[in-house]
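The lines below spell out each chain.
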Amino acid sequence: MAKSARVSETPATAFLKQHRVAYTEHLFEYVEHGGARAGAEALGLDERAVVKTLVMEDEAKRPLVVLMHGDRTVSTKNLARQIGVKRVEPCAPEVAQRHSGYQIGGTSPFATRKAMPVFLEKSVLGLPKIYVNGGRRGYLVGIDPRELVRVLAPKLVAVGLEE
């Protein structure tokens, strides 16, 4: 069920305003472990357009962010090969939270606590609008994917796998 009230500012929305990124706000009832699918269903969006923010780490425990379509998983083997490391794996939830500064289920790629390299599934750029977490559970912001490239300068990768 979508809500229409405005959300108080988050570090992510403050970042978007600071960088003059136009965005729309989309609130929904957060579902524990519901992921992108729950948000897409609640808001009537295509799950492919809901972009997940995943905090991962390489073999040296260096954190990184992967932005992936909501209906895809990340091939960590392909990601490691494309970015030139031996191994990539998801961070434990508490580690991801420490790196990002965001609660799990509310992780945004904008204004993370720790600066981390960002990797974007390149097919995301083919969408007219994407929905990314706005910095809290049950809150997505809709933006033009080219704006994401402008403000985050991600490295483009092709590592998505059908779920």
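Residues numbered from 1 in each chain as written. Predicted model: local features only at pLDDT ≥ 70, side-chain atom pairs only at ≥ 80, totals over all residues. Heavy atoms only, no water.

A. Molecular detail of the pairing of strand β9 (residues 139-143). Across the five residues of β9, five count as buried, placing the element largely inside the fold. Covered by surrounding structure in β9 are Y139, V141 and I143 together with L140 and G142, the residues of both alternating faces. As paired strands, strand β2 (residues 24-28) and β9 are joined by four bridges and run antiparallel to one another. Residue pairing across strands places E25 opposite V141, the latter belonging to β9. (Buried < 20%, exposed > 50% of the residue type's maximum accessible area, 1.4 Å probe, protein only. Helix = DSSP H or I, 4+ residues; strand = E, 2+ residues; numbered from the N terminus. Pairing = 2+ DSSP bridges.)

B. Focus on the pattern of salt bridges. Considering all chains together, one arrives at eleven salt bridges under this definition. The salt bridge partner of E9 is K17, with a shortest N-O separation of 2.9 Å. Residue class for E9 comes out partly exposed when judged on its relative accessible area of 48%. K17 gets classed as partly exposed once you look at its relative accessible area, which sits at 41%. Two residues, R72 and E162, come together in a salt bridge whose shortest N-O distance is 3.4 Å. Of this pair, R72 sits in strand β5 (residues 72-74) while E162 sits in strand β11 (residues 160-162); the two residues are 90 residues apart in sequence, bridging distant segments of the chain. E162 sits in the exposed class, given a relative accessible area of 62%. Each of E57, K61, R87 and E89 takes part in salt bridges that share partners, so that together they form one network. (Salt bridge = Lys/Arg side-chain N within 4 Å of Asp/Glu carboxyl O.)

C. Here's a closer look at the packing of aromatic side chains. Enumeration according to the criterion identifies one aromatic pair in this entry. Between F15 and F110, the ring centres sit 5.7 Å apart and the planes meet at 25 degrees, which makes this aromatic pair stacked. Placement of the pair is F15 in helix α1 (residues 11-18) and F110 in the loop between α4 (93-100) and β7 (118-121), with a sequence separation of 95 residues. The same class applies to F15 as to F110, namely buried. (Phe/Tyr/Trp six-rings, centres within 6.5 Å; stacked < 30°, edge-to-face > 60°.)

D. Broad picture of unusual backbone geometry. Look at R20: it is not a glycine, yet its phi comes out positive at around 55 degrees. Take R20: it is sitting in the loop between α1 and β2. Of note, A111 is a non-glycine position whose phi angle comes to about 60 degrees, a positive value. Residue placement: A111 occurs in the loop between α4 and β7.

E. Focus on the side chain of S108. With respect to the secondary-structure elements, S108 resides in the loop between α4 and β7. What makes S108 buried here is its relative accessible area of 0%. Within polar-contact distance, the side chain of S108 engages the backbone nitrogen of F110 at 3.3 Å. A polar side-chain atom of S108 sits 2.9 Å from the main-chain carbonyl oxygen of N133. The residues contacting S108, other than those within four sequence positions of it, are A12, T53, Y102, N133, G134 and G135. (Polar contact = N/O pair within 3.5 Å; in protein donor to acceptor, adjacent residues only side chain to side chain. Contact = heavy atoms within 4.5 Å.)

Worth remembering: the numbers are spatial, not functional.
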